[in-house]
Amino acid sequence: MPDTPTHADLDVAYLERGARLVACEGARRLAVETLLGERALQDRWRREIEARRRPGFWPW
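Quick look at the structure, then.

Cut-off values and rules
Residues numbered from 1 in each chain as written. Predicted model: local features only at pLDDT ≥ 70, side-chain atom pairs only at ≥ 80, totals over all residues. Heavy atoms only, no water. Helix = DSSP H or I, 4+ residues; strand = E, 2+ residues; numbered from the N terminus. Rg over C-alpha atoms; globule rule 2.2 N^0.38 Å. Buried < 20%, exposed > 50% of the residue type's maximum accessible area, 1.4 Å probe, protein only. Areas by Shrake-Rupley, 256 points an atom, 1.4 Å probe, with all protein chains shown as cover. Patch = residues over 30% accessible without salt bridge, like charges linked within 9 Å, V, L, I, M, F, W, Y side chains within 5 Å. Salt bridge = Lys/Arg side-chain N within 4 Å of Asp/Glu carboxyl O.

**Side note on the overall build of the chain**
And then number 1: When its secondary structure is counted, the chain shows one helix and zero strands.
And then number 2: Against the 2.2 N^0.38 benchmark of 10 Å for 60 residues, the chain shows a C-alpha radius of gyration of 26 Å, more extended than a compact globule.
And then number 3: Viewed in the frame of its principal axes, the chain has a C-alpha envelope of about 85 × 15 × 10 Å.
And then number 4: Burial status across the chain gives 2% buried among its 60 residues.
And then number 5: Summing over all exposed atoms, the chain offers an accessible surface of approximately 5900 Å²; the carbon and sulfur share of this is 61%.

**Some points on a nonpolar patch on the surface**
And then number 1: A cluster of nonpolar residues, M1, L10 and Y14, forms a patch on the protein surface that exposes about 370 Å² of accessible area.
And then number 2: Looking at the element boundaries, L10 is found in helix α1 (residues 7-53).
And then number 3: Classification of L10 as partly exposed rests on a relative accessible area of 32%.

**Observations concerning the pattern of salt bridges**
And then number 1: The tally for this structure, following the rule as stated, stands at five salt bridges.
And then number 2: Across the pair R52 and E48 runs a salt bridge whose closest N-O atoms are separated by 3.9 Å. Taken as a pair, R52 and E48 lie in helix α1 at a separation of four residues, close to a single helical turn.

**Here's the deal with the environment of I49**
And then number 1: Note on placement: I49 falls in helix α1.
And then number 2: Note on I49: relative accessible area 18%, which makes it buried.
And then number 3: Note: C-alpha distance between I49 and L35 (14 residues apart in sequence) is 21 Å.

**Structural notes on the environment of G18**
And then number 1: Following the sequence through the fold, G18 ends up in helix α1.
And then number 2: Measuring from C-alpha to C-alpha, the distance between G18 and P5 comes to 18 Å, with 13 residues separating the pair along the chain.

So, in structure tokens, the structure goes:
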């Protein structure tokens with residue numbers, strides 16, 4: 001910022017800050033969606049493994 005900022009300088013600073021916030025929120029949202037997707041796949045994989053381990057009948 002210049003020593004004596006004008007309204008235009010302040011407007012530019014606020015717009016740049018807003019753009020960075022939007023980009024950060026988008027990256028955060030993508031990270032959360034990726035994490036939730038990975039966990040859902042892991043849960044599904046665990047359920048399938050457990051279903052394969054259980055015998056179809058009990059031998060007693």
